[in-house]
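Given next are the chains, with one letter for each unit.
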Amino acid sequence: MRALLTLAAVTLALTACSNDKQTPMPGPPSGGSDEGDWKDNGAFAACKVDTASNACGSQGSFDASGCTPGGLATLELDGVYTLHVRARNPRYGNTYSFAPLSMRLAPTGPQSAGGLNLDTRLVGVAGRNIFLSASRTEGTNGVRRRSFLGCQSPEPGRLQGCFVECLNGRVEGEGTFDAKKVTVPTDEPESSGLERVSETPVTPGLPVDVYVTHGHAYVVSLGGGLFVYDVRDPAHPVLTEHIQRTNDTYWNGVWSHGDALYVASGVRGVIVFDLTDPAHPVEAFATGGTRTNVHTVFVYENTLLAASPAPTGEVLVYDVTTPLSPRLTGAFQAAGFDAASSYGPHDMFAFEGRLYVNFWRAGYVIGALEQSGTPRQLGSYRYAHSTSHASAVARYGERIIAFEGGEDWGAHLRVLDVTDPASVKLLGEHRMREHISIHNMVLSGTKLYVAWYHEGVRVLDVSTPEAPREVAHYRTFRPDDAGRGESFYDGALGIRVPGDGYIYTVDSSRGLIILRETAP
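Calculation rules
Residues numbered from 1 in each chain as written. Predicted model: local features only at pLDDT ≥ 70, side-chain atom pairs only at ≥ 80, totals over all residues. Heavy atoms only, no water. Helix = DSSP H or I, 4+ residues; strand = E, 2+ residues; numbered from the N terminus. Rg over C-alpha atoms; globule rule 2.2 N^0.38 Å. Buried < 20%, exposed > 50% of the residue type's maximum accessible area, 1.4 Å probe, protein only. Contact = heavy atoms within 4.5 Å. Areas by Shrake-Rupley, 256 points an atom, 1.4 Å probe, with all protein chains shown as cover. Pairing = 2+ DSSP bridges. Disulfide = S-S within 2.5 Å. pLDDT = per-residue confidence, 0-100. Polar contact = N/O pair within 3.5 Å; in protein donor to acceptor, adjacent residues only side chain to side chain. Axes fitted to C-alpha atoms, helices over the stretch in contact; angles between N-to-C directions.

Peer 1: What should I look at first to understand the overall build of the chain in this one?
Peer 2: Secondary structure summary: the chain contains one helix and 40 strands in total. A compact globule built from 520 residues would reach a C-alpha radius of gyration of about 24 Å, and the chain, at 23 Å, matches this within 12%. Along the longest, intermediate and shortest principal axes, the C-alpha atoms of the chain span 65 × 50 × 50 Å. By residue count, 59% of the 520 residues in the chain fall in the buried class. Considering only contacts within the chain whose residues lie at least 6 apart along the sequence, 54% involve residues at least 24 apart. Counting only carbon and sulfur atoms, one obtains 49% of the accessible surface of the chain, whose full area is about 19,500 Å².

Peer 1: How do you make sense of the pairing of strand 30 (residues 388-396) when you look at a structure like this?
Peer 2: Moving residue by residue along a regular strand, the side chains alternate between the two faces of the sheet. Counting buried residues in strand 30 gives eight out of nine residues, a clear majority hidden from the surface. Pairing between strand 30 and strand 31 (residues 399-406): eight bridges, direction antiparallel. Along strand 31, the bridge assignment pairs Ser388 with Gly406.

Peer 1: In this structure, what is going on with the sheet that holds strand 6 (residues 112-113)? I would like to understand it.
Peer 2: Backbone-to-backbone hydrogen bonds pair the strands of a sheet. The strands run either parallel or antiparallel. Read around the barrel, eight strands follow the order 4-5-6-7-8-9-10-11 and close on themselves; strand pairing throughout is antiparallel. Pairing geometry for strand 8 (residues 130-137) and strand 9 (residues 143-152), over eight bridges, is antiparallel. Across the sheet, the residue bridging to Thr137 is Val143, located in strand 9.

Peer 1: For this particular structure, what's the right way to read the state of the cysteines?
Peer 2: Put plainly, two cysteines are in a disulfide when a covalent bond ties their sulfur atoms together. Taken as a whole and judged by the stated rule, the model has two disulfides. A sulfur-sulfur separation of 2.3 Å characterises the disulfide bridge that pairs Cys47 with Cys162. Between Cys47 and Cys162, the disulfide has an S-S torsion of 115 degrees and is therefore right-handed. Residue Cys47 is located in the loop between strand 1 (30-31) and strand 2 (48-49), and its partner Cys162 is located in strand 10 (residues 158-167); the two are separated by 115 residues in the primary sequence. Each member of the pair, Cys47 as well as Cys162, carries the same accessibility label: buried. Here Cys56 pairs with Cys166 through a disulfide, and the sulfurs are 1.9 Å apart. Note on the Cys56 and Cys166 pair: the S-S dihedral is about -85 degrees, so by sign convention the disulfide is left-handed. Placement of the pair is Cys56 in the loop between strand 2 and strand 3 (62-63) and Cys166 in strand 10, with a sequence separation of 110 residues. For the chain, numbering the cysteines in disulfides from first to last along the sequence yields the connectivity 1-3, 2-4. Not engaged in a disulfide, the cysteine Cys67 finds its nearest cysteine sulfur in Cys151; these two sulfurs lie 3.0 Å apart. Residue Cys151 is classed as buried on the basis of its relative accessible area of 0%.

Peer 1: Any chance you could explain the confidence of the model for the chain here in plain terms?
Peer 2: The predicted model of the chain has a mean per-residue pLDDT of 91, with 92% of residues at 70 or higher. Counting contacts from residues 1-31, a segment whose pLDDT is below 50, to residues more than four positions away or on other chains yields 69 contacts.

Peer 1: Could you clarify how one ought to interpret the side chain of Arg158 in this entry?
Peer 2: Secondary-structure assignment places Arg158 in strand 10. Within the structure, the side chain of Arg158 is placed 2.5 Å from the side chain of Asp178, a separation counted as a polar contact. Beyond its immediate chain neighbours, meaning those up to four positions away, Arg158 contacts Leu75, Gln152, Ser153, Asp178, Ala179, Lys180 and Glu434.

Peer 1: Can you walk me through the sheet that holds strand 26 (residues 347-351) in this structure?
Peer 2: Read across the sheet, four strands follow the order 26-27-28-29 without closing on themselves; strand pairing throughout is antiparallel. Two strands close off the open sheet at either side, each with one partner strand: strand 26 and strand 29 (376-381). Mean inter-strand twist for the sheet, computed between neighbouring axes without regard to direction, equals 20 degrees. Across five bridges, strand 28 (residues 364-368) lies against strand 29 in antiparallel orientation. Bridge pairing in strand 29 links Gly367 to Gln377.

Have a look at this one:
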């Protein structure tokens, strides 16, 4: 399931997103300079892909003459690597796009490359090159193969080379890649300022989000459905209900309002559950209709916001004055948004009558929540190759400050002054390792709690918003856990701080982890 979901995301990146340069982008933001999460400095390696005389995806389809002789002799061929792939789809001309991937290498046992099961691993004489190839059968679509030729290692734990993706022997994407090993920092303890209270596996599927209310934690899992845990004793969560639906396996977000629980479904829109008995939710309603693809949900006062990335890429607005009976009142889409070349909205935040939407490549978009139900755009903040993904907003005196993060290679935290939506200013940034992405965040008082994928849970003091300062962390990522390396989106994903003294996070391999802050 992890591989299948990763495959869908990357295939989109190598096709639809290859048109990024055709999407109109505004000039640089007001205030500080923002050059994006990364720069395109051209090919990562001197090797080439040539399928004219050799089968697509075979070792012979790569020209390794430009590789550094012996340049890979000391490379560690084990562990988890994340990859930044620069590729083009021949059907879209010479425009290159970028996609994040992952691979897991090991002396024995399961290995993967680009989200597919590795079936070929060859190391050249004297470490001259490394060839990795992975494939899967996709039902009636045929066989997809991804192959990688590593030809240089500019530093320990780093591999650069060429990439090709084939479908039934036809080139779907080809280019170069830059890979870095995800290591456990030797100068950092597993935790600091946070202690683990409990850890509960969530199977089947891939846990991605959690919401805590009524003394229960509601976890949604891609491919696994909804898991309900009684957490009145956080040290001993008890599973009270597990709900799955046939042919409806993509449940990615969850929120609660009153006695209603809202689950984001990729097939049926927003699924509404009755929480009269919190331990045993009962499905009451699904929004469905023509807008069935919902990725995340957010509740503000009596308004339910649902991010619907397809087919038109918009935020759906529902009146939930009666929580169990959402009523669609409008929709919001970024000005100039092109559904054909930019993934739609991922997440939303509402504050003091304004709507803040992470519109992926269309940037961070700000609107006014209107009584009519259809928000009105007030401004936006965009940066090169944006993948605007999550945010949190608060008032600091006369200023309104937004903390925003993308989801990509190089993604990091941005601090924005959004007091005037028409002139958003970059105030500060907080970065971690470039090959590890930020994911979700929760702001509680002057602390920002961030689920930072492989970096785990990071707690930042944002009392001075321009200069976020880490004050606590808990590393959830362990390279040897089952499932590691099957996706770039690996590690801590969902996070909630409900105010009961605990931090709830879900990790892609470890499940539900409940943490508690310790005295400094």
